[in-house]
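Now for the letters of each chain:
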Protein chains: 2
Amino acid sequence: MHILVLGAAGMVGRKFVERLTRDGRLGKSDVTRMTLQDVVAPTKPNTSIPVEVVTCDVAEQAAVAKLVAAKPDVIFHLAAIVSGEAEADFDKGYRINLDGTRYLIDAIRAIGDGYKPRVVFTSSIAVFGAPFPEKIGDEFFTTPLTSYGTQKAIGELLISDYTRKGLLDGVSIRLPTICVRPGLPNKAASGFFSNIIREPLAGKEAILPVSEDVRHWHASPRSAVGFLLHAATMDTSTIGPRRALSMPGLSATVGEQIAALTRVAGPSVTARIRHQPDPTIVGIVAGWPRDFVTDRALKLGFTTTEKTFDDIIRIHIEDELGGTFVS
Amino acid sequence: MHILVLGAAGMVGRKFVERLTRDGRLGKSDVTRMTLQDVVAPTKPNTSIPVEVVTCDVAEQAAVAKLVAAKPDVIFHLAAIVSGEAEADFDKGYRINLDGTRYLIDAIRAIGDGYKPRVVFTSSIAVFGAPFPEKIGDEFFTTPLTSYGTQKAIGELLISDYTRKGLLDGVSIRLPTICVRPGLPNKAASGFFSNIIREPLAGKEAILPVSEDVRHWHASPRSAVGFLLHAATMDTSTIGPRRALSMPGLSATVGEQIAALTRVAGPSVTARIRHQPDPTIVGIVAGWPRDFVTDRALKLGFTTTEKTFDDIIRIHIEDELGGTFVS
């Protein structure tokens, strides 16, 4: 089985490729070839599986056509300009997130010999925009409040239409906010949800810019990888034409996050969180989803690894910190 | 006030231009110039208002840019490949309905001197796809079952995002099925809703391919024109970023349509309807919306001319048949 990953150098992409390399298989099929694309060179994994690394932009139509010409069996489309950058650079966001997605699906269609790969498209809860109910259900409308969310909602519509027409076999998965995000603190407005866990566990101070009653929707990186694997291997014959699915997650307030950190790592770790309200971030976060009902995804077999926010913290300590932290 | 109408030669476009010409004004402003575009030459209305007729395709990017370069105050974007054709000719549908819409809004954005026209985009109830509740509410999700519906849903998302970014002032209006559609019977699956009224009133036989309990969502051409006028003149400052609105309409079963025809025109007219079930059409129509709750549009001042299906028939007799019919 030949697997193409677009956006393989991103956080979720890297973790997904690691898992794929470790498993050596996707569902019941051996992985016999991997093609890893990103705009910055993805790291070549240490594996006996033949891996091709391609550095290009998904908005380079010819480059995308070349990737698809090899007829990969499964395509993971994780390539995207993230929310903040798509908002700041309007053209770039539309070029990568909308045109790039169209180049991909049109390249698949152009093969035209019955080639119909599974395409897993990572969408986002950013397709929803306030006001919304406390729990967003599977049939709630998509009214994004960012260009990124708009481009993801359009991607979902395209994936569903191309699937309905039999041109590919697509599944769009709306990822919760990934927590705990490894790496350095970033300036994304959502960064603090991870920062307040990751930094204190590393012995560093973290700033909490919102109040503890802010509620949000989370999934661990391990769960995100699990969603991708399931979306690639699930039986799509009974799903029907509605191919966009809100993924399961965990709804927690910041206060609950902090309480979990205290339970898992102790009060000395939690004490490294400094409350410093930022009205701008407070305002942005007020427009974000807080909780979901994801019956459809659950019924289709999507599951999270974590059952509690304590689990999310433990997964971070296991997967990123080698099992230890600065107490 | 300079008004640009894209798709001016279509049924709704023609009626809209007639009304605009007759009124000589849009809201409180005199119409001082009209530009009428379509892929087939729109008829030049008989008016003292300066009118330019442009025959081009909305997927001709340079031609669209030229139309926008004149900085019309209000743009009505009615140009579209209809449902059946967009389904049959996949490329053409995406080229006109998606690329054409992007060319328009990107041309507006490219002006870049603070130009921010009102843009009225005609969307459709085809953005919804079965299964849905008996009455579709304002917050129900869009899961189109045609490429046309997909392209309209994408257009709505784009109009809302460009509006949110301050690049234009857009309103997307989801038109009900227009009934009674004047002209010759067409082969659209929805054609019979109009055929069974229009043909008998003209002394001709009409075929009814579905059962009388089929329920659907209608508005008269006069109401459609009214929606366009209101969308162009309403105060958008309080609408917020959700710029796609399901228009009010009238829900009626085919049986209720026929009963109305009997009341308005007599049983000898109704007798010209021949029941001849067509399983293909029955299947297609089963996936169509039947009824809506359009609280948002009503609250924003959109209204229908007709209160009953009898009114819809009377409007047709008045506007299309000079007040008479073949009894």
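Summarised in this report is the structure supplied together with it. (Residues numbered from 1 in each chain as written. Chains lettered and ligands numbered in written order. Predicted model: local features only at pLDDT ≥ 70, side-chain atom pairs only at ≥ 80, totals over all residues.)

## Quick word on the overall build of chain A
At step 1: Tallying secondary structure elements over chain A gives 12 helices and 14 strands in all.
At step 2: Reported as C-alpha extents along the three principal axes, the dimensions of chain A are approximately 60 × 45 × 40 Å.
At step 3: Looking at the 327 residues of chain A, the share that counts as buried comes to 49%. (Helix = DSSP H or I, 4+ residues; strand = E, 2+ residues; numbered from the N terminus. Buried ≥ 20, exposed ≤ 12 C-beta atoms within 10 Å, placed from the backbone.)

## Some points on the nonpolar core
At step 1: The biggest cluster of nonpolar side chains holds 186 residues, and the ones touching the most others in it are Val5, Phe76 and Val120 of chain A together with Val5, Phe76 and Val120 of chain B.
At step 2: Filtering out sequence-adjacent residues up to four positions away, Val120 of chain A remains in contact with Phe76, His77, Val171, Ile173, Leu228, Ala231 and Ala232 of chain A. (Core = buried A, V, L, I, M, F, W, Y, C linked by C-beta atoms within 7 Å. Contact = placed C-beta atoms within 7 Å.)

## Regarding the packing of helix α6 (residues 191-201) of chain A against helix α8 (residues 254-265) of chain A
Residue and element names in this part refer to chain A.
At step 1: Two numbers describe how α6 lies on α8: the axes approach to 10 Å, and their chain directions differ by 20 degrees. With respect to each other, α6 and α8 are oriented roughly parallel. Crossing angle aside, the handedness with which α6 passes α8 is right-handed. Within the contact between the two elements, α6 uses Ile196, Ile197, Pro200 and Leu201 and α8 uses Gln257, Ile258, Leu261 and Ala265.
At step 2: Here the contact of α6 with α8 is composed, by residue class, of seven nonpolar, one polar and no charged. (Axes fitted to C-alpha atoms, helices over the stretch in contact; angles between N-to-C directions. Parallel < 35°, antiparallel > 145°, perpendicular 65-115°, else oblique. Left-handed = near helix turned anticlockwise from the far one by under 90°. Nonpolar A, V, L, I, M, F, W, Y, C, P; charged D, E, K, R; others polar.)

## Comments concerning the interface of chain A and chain B
At step 1: The partner chain B presents 18 residues to the 18 residues of chain A that form the contact.
At step 2: Take the side of chain A that touches chain B: its biggest share by element is seven residues, from helix α5 (residues 147-164) of chain A.
At step 3: Class assignment of the residues belonging to the side of chain A that touches chain B gives a composition of eight nonpolar, five polar and five charged.

## Digging into the sheet that holds strand β9 (residues 177-178) of chain A
What links the strands of a sheet is backbone hydrogen bonding, and the strands pair in either a parallel or an antiparallel sense.
Residues and elements named next belong to chain A.
At step 1: Here we have three strands laid out as an open sheet, ordered β9-β11-β13, and mixed in their pairing. Sheet topology places β9 and β13 (250-253) at the edges, where each strand pairs with a single neighbour.
At step 2: Here two bridges tie β9 to strand β11 (residues 215-219), and the two strands are oriented parallel to one another. Its bridge partner lying in β11, Thr177 is registered against His218. (Pairing = 2+ DSSP bridges.)

Nothing here speaks to function; it is all geometry.
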